[in-house]
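Residue-level structural notes
The chain contents come next:
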Amino acid sequence: MASEEVIELAKRRGFYFGSNGAYGGTAGFYTFGPQGSALKRNVEDAWRDRFTVREGNQEIQAPAVMPEPVFEASGHLDTFADMLVECGECGESHRADHLVEDASSIEDAEALPISEVEMLIRDHDIVCPACGSPLAGEDVEEFNLMFKTNIGPGSGQTGYLRPETAQGIFVEFPRLKEYARGQLPFGVTQIGPAYRNEIAPRGGLRRLREFTQAELEQFIDPEEDEPDLAAVEDVEVLLYPAEEQEAENGSYVETTIGEAVEEGIVGSAWIGYYLGLAQEWYERIGVDVDRFRFRQHLPGELAHYSADCWDAESEVSGDNPDTATPGEGDWIEIAGFSYRSDYDLSKHAEYSDDRFTVFKEYDEPKTVERATVDPDMATLGPKFGGDAAAVADALETLAERDPDAFEADAVSVEVDGETVTVDTDVANFSVEEVTENGEHITPHVVEPSFGVGRTVQTLLAHGYTEDVVSGEARTYLDLDPEVAPTDAAVFPLVTNDDDLVALAEDIADDLRSRGLTVAYDDSGSIGRRYRRQDEVGTPFCLTVDKTGLEGDGPDTVTVRERDSAAQVRVPVDELADELTALLAGGDFAAFADQYETVETDLETQ
């Protein structure tokens, strides 16, 4: 099976397809069809259950458009860029690092400096994919990936579509900490769209201009807070550390979370904790663990805010590569686990007018020496006019940061980009003993960030299965019932029997009233109906036939399990309870032992 077959199935069965096809399409934008929208929603619900509900975290929904100062503070205006090379012949723009990766054995050209990428383009005789013209000698430039817009009419206020959902959480931290009663640690989650003006979108859902993230920002006291590592210490993981990637014959490290943290392979216990949770969650929703790994970022890959980062990666080629060997297969990042330290909150505190700290109470009060100033405003006012208050604030900040500066006859501070000088005696500097009950600290942040669309692509790639049933080849999606778009499909065997149709419709309505997602299909042969449901991953098909309505016993229907195509006959009045139990993780073999097995040739009809 090649990945192209998954893309074809996704389009044909309504999982996802390129947007705006009626107008020629728009690269980097995909529409999720009925099946894909349901699958995506179920993935989001499963993520919310594990990382919000079970972890006891808060969830918010922040706007997708934010004003420019937010991204000036976060660093995105200066550093959120990819390498762009423009063809001098046809004018097409391309990701320079991707061209290098496609033409060489280099896996992570994004981590290389621009000068080296330009050299590799020349050394490998790389040409423009659009027109074939040589790209050697063309400048490689940084291209900021954010979408710019205006807030309000006319020129208005400059804003940007958020490139990650995280900033919506960080900006609202002063209020969110109140909801957490100022107690660390606490976590805030968000599921929603993010936008990146990708130079060259490619690979289906793996690199889009609009995509969905599920992110958790865990706020911690780095000196005191520790995760419950015991809950995941025995979880087995496949790791690809940076030093193994840089080694000539580097290999994977098969270990447990507890051992990886203890041995320092994963440097942060918090990162280790979330790697363990993620491993278990991905297994839960149906990711093939034989095609799954955690890869540590190389130093050149680290984002400007990240002290350490690991990616969850899945292999999606479907060409049965030797996934036990690094370098084999088509691996895509589906989640990132980053230790962001206090970068984000400190930056927003620096650029905004709010406080991004929490008060940490001491076990016992402490008497400490505190440098203070009491500026003589009668002197500062006439000298600095409207800037006098800002000068006083700058003097206070200087006293806290560098009290030795006040040993000179005059001190200099910066106000609105200009340096001003104040006589030390005007500042009224002193050092006093004060009793403090606590201190304000800036929390550190640990961030697990999941790509929802890439997870959907992974589930389709890993679930795509071909086999033979009743001598006939078939394709089906081996999707876990928790995320499958449809829980069950109901078929009347024939449509010219009013009793069969009435019972089938009643069953569908009853199951829907129980909260199940049910498809009703009376079109075509029963074999074709089975195949349609197999291809969208429906776990169970329920067929109403004449045999089930005959006899003195209760009415029955056949329940067909997707993977095995095995069928059993189940009383209608027991159907809803039994099906609900199966969808919740029940064992079909044990269930089937309770009922009459049905031998039928309907698969080929």
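See above for the structure.
Heads up: these notes are all about the structure in this document. (Residues numbered from 1 in each chain as written. Predicted model: local features only at pLDDT ≥ 70, side-chain atom pairs only at ≥ 80, totals over all residues. Heavy atoms only, no water.)

For glutamate 164, the position within the fold is in the loop between β9 (157-161) and α7 (166-171). One polar contact links glutamate 164 to glutamine 167, side chain to side chain, over a distance of 2.8 Å. (Helix = DSSP H or I, 4+ residues; strand = E, 2+ residues; numbered from the N terminus. Polar contact = N/O pair within 3.5 Å; in protein donor to acceptor, adjacent residues only side chain to side chain.)

What follows covers the sheet that holds strand β16 (residues 331-341). Think of a sheet as strands paired side by side through backbone hydrogen bonds, with each pair either parallel or antiparallel. Taken together, nine strands build an open sheet; the order of strands is β3-β10-β11-β21-β16-β15-β14-β12-β13 and the sheet is mixed. Two strands lie at the open edges of the sheet, namely β3 (58-59) and β13 (253-256), each paired on one side alone. Relative to β13, strand β12 (residues 236-240) runs antiparallel, the two sharing four bridges. By the bridge assignment for β13, valine 237 is matched with threonine 255. (Pairing = 2+ DSSP bridges.)

A word on the pattern of salt bridges. According to the stated counting rule, one finds 41 salt bridges in the structure shown. Where arginine 48 meets glutamate 59, a salt bridge forms, and the shortest distance between an N and an O atom there is 2.8 Å. Residue arginine 48 is located in helix α2 (residues 34-53), and its partner glutamate 59 is located in strand β3; the two are separated by 11 residues in the primary sequence. With its nearest N and O atoms 3.1 Å apart, the salt bridge here joins arginine 562 to aspartate 478. Within this pair, whereas arginine 562 is found in the loop between β27 (556-561) and β28 (567-571), its partner aspartate 478 is found in the loop between β23 (472-477) and β24 (488-492), the two being separated by 84 residues in sequence. For arginine 562, a relative accessible area of 5% puts it in the buried group. The class for aspartate 478 is partly exposed, based on a relative accessible area of 37%. (Salt bridge = Lys/Arg side-chain N within 4 Å of Asp/Glu carboxyl O. Buried < 20%, exposed > 50% of the residue type's maximum accessible area, 1.4 Å probe, protein only.)

Within an α-helix, residues lying three or four positions from one another point in the same direction, as the helix has 3.6 residues per turn. Within the span of helix α6 (residues 114-123), buried status applies to Val117, Leu120 and Ile121. Considered in projection along α6, the buried side chains sweep an arc of 105° and stay on one side of the axis. Those residues of α6 that are buried are in contact with β5 (81-86), α5 (96-103) and β7 (140-144). Positive phi shows up at aspartate 125, right after α6, with a value of about 50°. (Arc of directions from axis to C-beta. Contact = heavy atoms within 4.5 Å.)

In this section: the sheet that holds β27. The six strands lie next to each other as β25-β24-β26-β27-β28-β29, forming an open sheet whose pairing is mixed. Of all the strands in the sheet, the pair left with one neighbour each is β25 (518-520) and β29 (596-597). Pairing of β24 with β25, which is carried by three bridges, proceeds in the parallel orientation. Pairing of valine 490 across the sheet is with tyrosine 520, part of β25. The sheet strands contacting helix α17 (residues 498-513) are β24, β25, β26 (540-544) and β27, and the helix crosses β25 at an angle near 160°. (Axes fitted to C-alpha atoms, helices over the stretch in contact; angles between N-to-C directions.)

Fair warning: the whole summary comes from geometry, so function is off the table for now.
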